[in-house]
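Each chain, written out:
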Amino acid sequence: MTEIYGETHGIKQSIISTLERIYDMSVPHGQTISLELAGALAEFTTLLKREIAVYINRRGLIIRITVGDARTVSLADPEGRRALNRLSGIRCIHTHPGGDSRLSSVDAASLKEMRFDLMVALGVGKNEIREVSFGYISGYKQDSYEIQTVGPLDINDFIQADFNYLVSQIERQLENREKASELLETERALTVGIERQGDWDIHDSLTELGQLAETAGAEVAGSVWQKRSQPDPAFYIGKGKVQEINLLRQAKGADIIVFDDELSPAQQRNLEQALGSKVIDRTALILDIFAQRARSHEGKLQVELAQLKYNLPRLGGQGLVLSRLGGGIGTRGPGETKLEVDRRRIRTRITEIQREIETHKKHRKLHRERRQESRIPTIALVGYTNAGKSTLLNKLTDASVLAEDKLFATLDPTTRKIRLPNGKEALLSDTVGFIQKLPHQLIAAFRGTLEEVVQADLLLHVIDASHPQYQQQSDAVYEVLKELNAVNAVNAVNAVNAVNAVNAVNVGKKPIFTVFNKIDKQDNPAVIERMLREPSSVAVSALTGENLDKLLDMLEIGTKRYSRDAVLLIPYAESGLVAELYETAIVNRTEYRPEGILVFASLPIETRGRYETYVAGDEYNV
Ligand SMILES: Nc1nc2c(ncn2[C@@H]2O[C@H](COP(=O)(O)OP(=O)(O)OP(=O)(O)O)[C@@H](O)[C@H]2O)c(=O)[nH]1
Ligand SMILES: [Mg+2]
């Protein structure tokens with residue numbers, strides 16, 4: 001077949017003849033279009049000032065070339081009609097002479113009607129391809145095909161993308177379309193990890209990874225691990241293991257492989273190519289869970305930011321993210337929409353989000369300052385995910401924060417007033433739970449929210465005492481605290497030393513109390529006794545309320561330790577100090593006397609020395 005179809009009238013026969021030579025250009029397997037073909041299309045488009053379309057089958061052969069924009073009519077089923085639940089097996093690549101590659105409504109309509117594997121538009125200007133956009137069928141809902149469009153992208157990013165995986169995923173889903181209204185419902189996952197010295201026990205880590213995969217909505221079909229001193233730079237695991245995973249994947253019908261560490265973009269790409277299957281890592285999994293769970297506007301922004309930052313270096317033009325366009329874990333953003341996959345747009349969005357988060361942060365700061373003015377000490381609950389922080393907050397403050405037996409039930413901070421036995425009040429904040437290998441992007445993005453922790457006067461570290469790995473979980477919490485503190489340049493050194501201690505009082509200047517929770521489930525009294533040998537610790541059950549009175553007593557002492565009530569007499573000549581005290585201490589009231597200004601304040605211990613000479617007595621005779 002060497003005929004040129006469409007609006008060919010008025011085109012010189014000599015040009016038609018050279019156009020016909022395009023039929024000789026085949027596209028190598030695994031590529032969507034070759035550079036040579038793209039170049040030829042750009043030239044002819046510039047010359048003719050008309051759209052040119054080529055239709056390519058899965059063997060890479062060009063089966064039809066048309067001029068003009070009538071795309072559905074001219075392609076009369078060249079390879080025989082395929083079953084309705086299959087794609088046509090043909091991709092349409094065509095040019096837009098105006099330079100703008102975005103798909104038109106005609107493009108979208110013919111994609112649906114012809115069920116092309118892909119509909120690709122090349123934006124052409126002056127003999128070259130300026131940008132590329134493409135669309136594909138992403139599902140079948142209410143009797144019609146849904147499509148997803150992507151781009152504009154750079155031609156170099158697009159050219160090597162391998163869409164075979166995407167196309168096969170779509171076809172698989174279309175085959176079950178009576179059952180499935182959406183692509184990729186439950187993904188079947190294999191978990192993969194390596195066993196290293198000094199790490200978590202591999203079984204514990206993979207069990208947790210499996211829980212994470214289930215929380216994200218996948219089903220765990222099996223797991224594979226290997227002993228190695230360090231990950232392989234190209235494949236994370238050994239090459240032989242890759243083959244083993246491939247066999248297991250086929251045997252178990254798994255469609256997604258989840259790795260227990262963060263993979264480098266290269267490892268991920270290599271693995272995806274070697275396994276011909278979607279590959280994600282622990283970080284992407286955690287980000288996906290956060291994306292599904294984020295509720296507040298700020299929470300959603302933070303997660304989206306972390307996801308975009310994670311994806312950016314992974315858009316290597318190798319089809320890595322493209323291969324995931326089908327949907328499922330790793331593609332979901334915190335809104336209803338899928339994650340952006342275009343580099344330029346990702347960068348713009350990152351800047352946008354950062355700006356918005358900054359505004360939120362300022363509001364939060366104002367809010368906190370106002371709260372500080374209300375002179376109430378603040379306590380932050382920290383701890384491993386599922387330790388019982390929200391349950392404890394609910395029990396102590398009659399709040400109704402969602403608490404459930406799931407990882408990452410809480411993402412947004414909640415702060416409630418709590419009354420201490422001596423009648424004084426404190427503020428108690430619930431925060432997002434931590435986990436081992438918590439993604440850096442996430443910690444960075446959540447810094448605004450985690451300010452509650454950084455700024456609190458006192459930390460309450462909640463540990464699930466019934467969990468077999470409570471020690472390691474506790475260490476992981478200190479790791480995150482360290483990272484947070486390092487970021488904020490507070491207490492970094494001390495926190496490092498505390499990493500291996502299950503319990504550390506006073507990490508830097510911030511006191512930490514340890515709450516061993518769920519003792520109703522821990523029936524070995526020796527274990528509890530051993531836990532309580534740690535200083536500043538208490539064993540409670542947030543569920544039954546056992547020992548919560550002890551915890552409150554401890555908080556009373558803790559908040560007292562933080563400050564000491566004193567009355568200061570500030571001479572009028574130094575009245576600037578009063579403003580300073582408002583900043584550094586809790587000022588309860590002031591009185592103007594002939595001899596100076598009386599300030600009734602609670603002084604943080606560390607500022608005590610500075611004001612010593614002004615102390616007029618604990619109880620000034622008023
Ligand atoms: N048996 C028992 N279960 C508890 C106790 N405290 C909490 N739980 C259960 O542990 C699960 C997790 O509790 P949450 O309060 O949601 O834990 P969290 O620390 O807020 O978890 P994230 O928000 O995911 O970080 C829930 O099913 C609670 O009912 C306890 O003292 N005893
Ligand atoms: Mg919670």
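Above this text is the structure in question.
Quantities reported herein were computed from a predicted structural model and do not represent experimental measurements. (Residues numbered from 1 in each chain as written. Chains lettered and ligands numbered in written order. Predicted model: local features only at pLDDT ≥ 70, side-chain atom pairs only at ≥ 80, totals over all residues. Heavy atoms only, no water.)

Visitor: I keep staring at helix α6 (residues 164–175) and nothing clicks. Help me out?
Guide: It helps to recall that an α-helix has 3.6 residues per turn; residues three or four apart then point in one direction. The first and last C-alpha atoms of α6 sit 17 Å apart over 12 residues, in line with the 16 Å expected at 1.5 Å per residue. Listed in full, the buried residues belonging to α6 are Tyr165, Leu166, Val167, Gln169, Ile170, Glu171, Gln173 and Leu174. On its buried face, α6 sits against β6 (128–141), β7 (144–153) and β11 (278–281). (Helix = DSSP H or I, 4+ residues; strand = E, 2+ residues; numbered from the N terminus. Expected span 1.5 Å × (residues − 1). Buried < 20%, exposed > 50% of the residue type's maximum accessible area, 1.4 Å probe, protein only. Contact = heavy atoms within 4.5 Å.)

Visitor: Is there a simple way to explain unusual backbone geometry in this structure?
Guide: Among all residues save glycine, negative phi is the norm, and among peptide bonds the norm is trans. With phi around 75°, Asn386 is a residue other than glycine that occupies positive phi space. Position of Asn386 among the secondary structure elements: in the loop between β12 (378–383) and α13 (389–397). One non-glycine residue, Lys437, lies in the positive phi region at around 55°. Inspection of the secondary structure puts Lys437 in the loop between β14 (425–430) and α14 (440–445). On the accessibility criterion, Lys437 (31% relative accessible area) is partly exposed.

Visitor: Can you walk me through the sheet that holds strand β16 (residues 512–517) in this structure?
Guide: Consider a sheet: its strands pair through backbone hydrogen bonds, and that pairing is either parallel or antiparallel. Taken in spatial order, the 6 strands of this open sheet run β13-β14-β12-β15-β16-β17, and their pairing is mixed. Two strands lie at the open edges of the sheet, namely β13 (414–419) and β17 (537–539), each paired on one side alone. Put simply, the sheet's adjacent strands are angled 25° from each other on average, direction ignored. The sheet strands contacting helix α15 (residues 447–455) are β12, β13, β14 and β15 (458–464), and the helix crosses β12 at an angle near 115°. (Pairing = 2+ DSSP bridges. Axes fitted to C-alpha atoms, helices over the stretch in contact; angles between N-to-C directions.)

Visitor: Can you help me understand the pattern of salt bridges in this one?
Guide: Summed over the entire model, instances satisfying the criterion amount to 20 salt bridges. Salt-bridge contacts for Lys417 lead to Glu425; the nearest nitrogen and oxygen are separated by 3.8 Å. A single network of salt bridges, built from pairs that share partners, joins Arg196, Glu208, Asp260, Asp261, Arg282 and Lys437. (Salt bridge = Lys/Arg side-chain N within 4 Å of Asp/Glu carboxyl O.)

Keep in mind these values describe shape, not function.
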